[in-house]
Every structure is written in structure tokens, then in C-alpha cells.
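Examining the three-dimensional arrangement
What follows is the residue order along each chain.
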Amino acid sequence: MTLIPDTLEIELGEMHLQALLGIPAEAEGLVIFAHGSGSGRLSPRNNRVAAALRNAGLATLLLDLLTPEEERNRANVFDIPLLASRLSFAADWSLAAPETGHLPIGYFGASTGAGAALMAAAEARSPVRAIVSRGGRPDLAGAALPRVTAPTLLIVGGLDAQVIELNRMACDRLRATKELVVVPGAGHLFEEPGTLDAVQHHAIDWFRRHLAGDHPAGEGEA
């Protein structure tokens, strides 16, 4: 039976961020999604990945990192520190919420959202234990990359040549457990047949190994 996420609002001061929270029975972790520029909680690709994660026993939180008013200013869409701060807030909210407070937290970032996820995870107080990037721009995390301690998986499409190179450079700067996976025949959006299924497979494996498993963040390097 397919689990339909609950619609909710997360209060941030006077602002309210729209979100979708899905918690399967006996969930072993919570994955918070950081969407790319111009996308949000209703992203069809991220919702497909989220459904697969829930079927694998992981809770998911998809939220709009910006309010509708903030989205009207295109500069906010590419403000990585701002987006990272919202992700950190979402993690804090998750730890305080009765239904998710016991779950270890991971980030799933797409496009510019990957840079925000890594920047948020680099904070000294970050509780995040695993990160997956899909077609992401981890390079946008800049100087924060070496401070990330959570095991990080970078997934890139084989046809996305420029982004592959940016991911390789970012991967070299990461000091935590890390892996770069190139999905053959996939473009930037993973719209080609079977390519998003590959993303789901790799993401489930990574989160189950490093989020739901017993591996402490930053253990070793791959």
C-alpha cells in the first residue's frame, strides 16, 4: 500500500514553510529533501525518490525552503547560505517533533539544493548523518566542503559532462566518507528511462548503510 505523505506547515518565526511528511511504520531514519532552483516540495522527481525511500523504511520530509514571496526574488533561489539555514531549521524542527525526534537525519539534495545540504551539514552542530546528491552542485558549498563529516554520495548523469567535472572537484575537497557515482545514459534531470530508478537504488543503499546503520558520521574515507 502506498503511503501518502501528510501536508503540514513548519513555522519559522512569522513565516510558514509548506511541507510533506511521510513516516512509514518502524521508520529507521528521516531524509530531508533540498530541492534545486525553481523547484519545491511538489517536485515530481524528488517525490518519486521519496516514495522509494519510504518503501525502504525511511521517513521523508519535502519542504519549500522559501516562501512564495521570497521565491519572487530570483536571487533567493540561488542564495546557498539562506537555503542552508532553512535546512538546518528543518533538521532542528524534526528533532523537536514527537513523531520524528527519535530518527537519525539525512539530506537529499538536487541541483543547487545539494550545495545547500552540504553547507548545512558542515555546521558544527549539524545532526545530519548521511547526504545524497542527485545531479547536484556540491561545488556551491565552497569552503564548507572540507568541514562536512557526514558520509556523502554524489550521483551524476553520464551525459552531464560539466556537472560531472564540478562533482569530481567537490569530491576531492570532501574529507568525509564519500563516493561519486556516474549513471550511464543519464542527463542532468535523469529523465531517461531507468535512470531515476538507478538514483533510487543508490540512495536507498547509501542511507541504509550510513543513516539507518551503525556507521558513525565521518568514519573512514572511500
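Scroll up to find the structure this text is about.
Conventions adopted
- Sequence order as written defines the numbering, with residues in each chain counted from 1.
- Local features in this predicted model are restricted to residues of pLDDT 70 or higher, and side-chain atom pairs are both shown and tallied only at a pLDDT of 80 or more, whereas totals for entire chains, interfaces and linings draw on every residue.
- The side-chain quantities take in all heavy atoms of the structure and omit both hydrogens and water.
- Note on conventions: DSSP H or I runs of at least 4 residues are helices, E runs of at least 2 residues are strands, and numbering of each starts at the N terminus.
- Within these notes, the globule rule equals 2.2 Å times the number of residues to the 0.38 power, and the radius of gyration is based on C-alpha atoms.
- For each residue, the accessible area found with a 1.4 Å probe, counting protein chains only, is set against the maximum for its type, and the residue is called buried under 20%, exposed over 50%, and partly exposed in between.
- Here a residue-residue contact requires only that any non-hydrogen atoms of the pair lie within 4.5 Å.
- Note on areas: Shrake-Rupley with a 1.4 Å probe; residue coverage comes only from the protein chains shown.
- Under the counting rule used here, the positive set is Lys and Arg, the negative set is Asp and Glu, and His together with the chain ends is not counted.
- Charged side chains are reduced to one point each, which is NZ for Lys, CZ for Arg, CG for Asp and CD for Glu.
- For two strands to count as paired, DSSP must find a minimum of two bridges between them.
- Helix axes are fitted to C-alpha atoms over the stretch in contact, other axes to C-alpha atoms as well, and angles between N-to-C directions run from 0 to 180 degrees.
- When a carboxyl oxygen of Asp or Glu lies within 4 Å of a side-chain nitrogen of Lys or Arg, that pair is called a salt bridge.
- Two rings from Phe, Tyr or Trp (for Trp, the six-membered ring) form a pair when their centres are within 6.5 Å of each other. A pair whose planes differ by under 30 degrees is stacked, one over 60 is edge-to-face, and the rest are tilted.
- What makes a nonpolar core is a set of buried Ala, Val, Leu, Ile, Met, Phe, Trp, Tyr and Cys residues whose side-chain atoms join them at distances within 4.5 Å.

Thoughts on the overall build of the chain
- In terms of helices and strands, the chain carries seven helices and eight strands.
- In terms of overall dimensions, the chain is globule-like: its C-alpha atoms have a radius of gyration of 16 Å, near the 17 Å expected for 222 residues.
- Here the C-alpha coordinates of the chain stretch approximately 40 × 40 × 35 Å along the principal axes.
- For the chain, the proportion of its 222 residues judged to be buried stands at 55%.
- Within the chain, counting contacts between residues at least 6 apart in sequence, those at least 24 apart form 69% of the total.
- For the chain, the accessible surface area stands at approximately 9,600 Å², while carbon and sulfur atoms represent 52% of it.
- In the chain, 18 side chains carry a positive charge and 26 a negative one; their mean positions are 4 Å apart.

Looking at the sheet that holds strand β1 (residues 6-12)
- Taken together, eight strands build an open sheet; the order of strands is β1-β2-β4-β3-β5-β6-β7-β8 and the sheet is mixed. With partners counted over all chains shown, the strands left at the sheet margins are β1 and β8 (178-183), one partner each. For this sheet, the mean angle separating the axes of adjacent strands, direction not counted, is 20°.
- Along the sheet, helix α5 (residues 112-121) makes contact with β3 (30-34), β5 (105-110), β6 (128-134) and β7 (152-157), crossing β5 at roughly 150°.
- Across the sheet, helix α7 (residues 195-210) touches β3, β5, β6, β7 and β8, and the angle it forms with β6 is around 170°.

Remarks on the pattern of salt bridges
- All told, the structure shown has nine salt bridges when counted by the stated rule.
- The closest approach of N and O atoms between Arg41 and Asp64, which form a salt bridge, is 2.5 Å. Note that Arg41 is positioned in the loop between β3 and α1 (44-55) and Asp64 in the loop between β4 (59-63) and α2 (68-71), a separation of 23 residues in sequence.
- Classification of Asp64 as buried rests on a relative accessible area of 11%.
- When salt bridges with common partners are traced through the structure, they connect Asp92, Glu123 and Arg125 into a single cluster.

As for the packing of aromatic side chains
- Applying the stated criterion across every chain yields a total of one aromatic pair.
- Geometrically, the ring pair formed by Phe33 and Phe108 is tilted, given 4.9 Å between the ring centres and 35° between the ring planes. Of this pair, Phe33 sits in strand β3 while Phe108 sits in strand β5; the two residues are 75 residues apart in sequence, bridging distant segments of the chain. Both residues of the pair, Phe33 and Phe108, belong to the buried class.

Examining the nonpolar core
- Ile10, Ile32, Leu61, Leu63, Leu87, Tyr107 and Ile131 are the most contacted members of the largest nonpolar core, which has 46 residues in total.
- The dominant element in this core, judged by the number of residues it contributes, is helix α4 (residues 80-96), at nine residues.
- Discounting chain neighbours no more than four positions away, the residues touching Ile32 are Leu61, Leu63, Leu87, Ala90, Ala91, Ser94, Ile105, Gly106, Tyr107 and Phe108.
- Counting 23 residues, the second-largest nonpolar core is a separate cluster that includes Ala130, Ile155, Val181 and Phe190.

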